[in-house]
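Secondary and tertiary structure notes
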Amino acid sequence: MVIEMSIKIAVVGSINMDLVTSVKKVPIAGETVMGETFATMPGGKGANQAVAAARLGAEVSMIGCLGNDYLGDGLLEVLHKEGICTKAVKRVDGSSGTASIILSEGDNRIIVVPGANHKMTPQWIEENRKVIEESNLLLVQLEIPLNCVQKALEIAKAANVKTILNPAPITRLPAEIVRFSDYITPNEHEYQTLLEDFSAADLSAKLIITMGQNGVLYYEDGKEVRIPAQKVPVLDTTGAGDTFNGALGVALCEQMGLDAAIRFANKAAALSVTQIGAQNGMPTKKMIGQLN
Ligand code: RIB
């Protein structure tokens, strides 16, 4: 008999409603153009990473904040449907987070208005410290206040819980945040900003750099290792990084070696871009297994 061990992942991060417009030509200032499609879809880097991990079989708990608005009601329901524990999702006065996303010419442009996400406090993380302490791994990103990111990482470190920091959207980081992170997963642009405060040598043991169509780069014993991107039809790259992080978390908890874990996450991210919307293309393990 095979006993499947359940993997527990805590995600401390943002929950947004994505307002997604596709348009052939992005208007310049003062110009009005006709768009092609519009849809509201669940998003937010934290929620996306939570969904990615849950689809891959992890038991996921989300620590976050939603507004007391109809967007918040809908976003909470989505998390429930994905089987994510939302006991540590607080409803606060005001609007939920939103992201206005323009899809055009194979790329995206995103404006995030954090709303409730920026009402998260270190006290809220403290009140829910057990969620982190009882997990195998913590995933954090930067769409919530930095003092909450730091608090979550501190709790995880003290409890010997593995941590992944996805430094997006990038901002200058205090040294503690970097020190408490076991893995840091910037894209190339975010990596350049990290280098303003930290040396490549200091970061390299923790670094996993995602490079879109150019694949993923990490360091093994100080030597660069490159994993090529999977070739797939690209419909929408929104949430690809989040899928990568959620899948990486699951793979590391399943004791895959780092190289195998990154390859698994790379496949998950590739599948995610084949559908429109941050969460729509997030795969199950079976789907990843079917990709060469
Ligand atoms: O990483 C993609 C996410 O960034 C979107 O879902 C959007 O909400 C923004 O937070």
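A brief report on the enclosed structure follows. (Residues numbered from 1 in each chain as written. Predicted model: local features only at pLDDT ≥ 70, side-chain atom pairs only at ≥ 80, totals over all residues. Heavy atoms only, no water.)

1. Concerning the site of the ligand
Lining the immediate surroundings of the ligand are 13 residues, of which D18, G44, K45, E143 and D242 lie closest. Separating an oxygen atom of the ligand from a backbone N or O atom of G44 is a distance of 2.9 Å. Contact distances for the ligand include 2.6 Å between an oxygen atom and a side-chain N or O atom of E143. Here the ligand, which alone exposes 280 Å², has 96% of that area covered by the protein. Every element with two or more residues in the shell around the ligand is listed here: strand 2 (16-22) and helix 1 (45-55). Of the residues in the shell around the ligand, the class split is three nonpolar, six polar and four charged. (Near = heavy atom within 4 Å. Polar contact = N/O pair within 3.5 Å; in protein donor to acceptor, adjacent residues only side chain to side chain. Areas by Shrake-Rupley, 256 points an atom, 1.4 Å probe, with all protein chains shown as cover. Helix = DSSP H or I, 4+ residues; strand = E, 2+ residues; numbered from the N terminus. Nonpolar A, V, L, I, M, F, W, Y, C, P; charged D, E, K, R; others polar.)

2. Some words on the pairing of strand 8 (residues 137-140)
Neither face of strand 8 is left uncovered, since the one carrying L137 and L139 and the one carrying L138 and V140 both have all their residues buried. Pairing between strand 1 (residues 8-12) and strand 8: four bridges, direction parallel. Paired with A10 across the bridge in strand 8 is L138. Between the parallel elements strand 8 and strand 9 (residues 162-165), the chain passes through helix 5 (residues 146-158) in a crossover that is right-handed. (Buried < 20%, exposed > 50% of the residue type's maximum accessible area, 1.4 Å probe, protein only. Pairing = 2+ DSSP bridges. Right-handed = clockwise from strand over helix to strand, strands pointing away.)

3. Digging into the nonpolar core
Core analysis: the largest hydrophobic core is formed by 48 residues, its most contacted members being I9 and L248. One finds C65, F180, L194 and F198 within the second-largest nonpolar core, a separate group that totals 37 residues. (Core = buried A, V, L, I, M, F, W, Y, C linked by side-chain atoms within 4.5 Å.)

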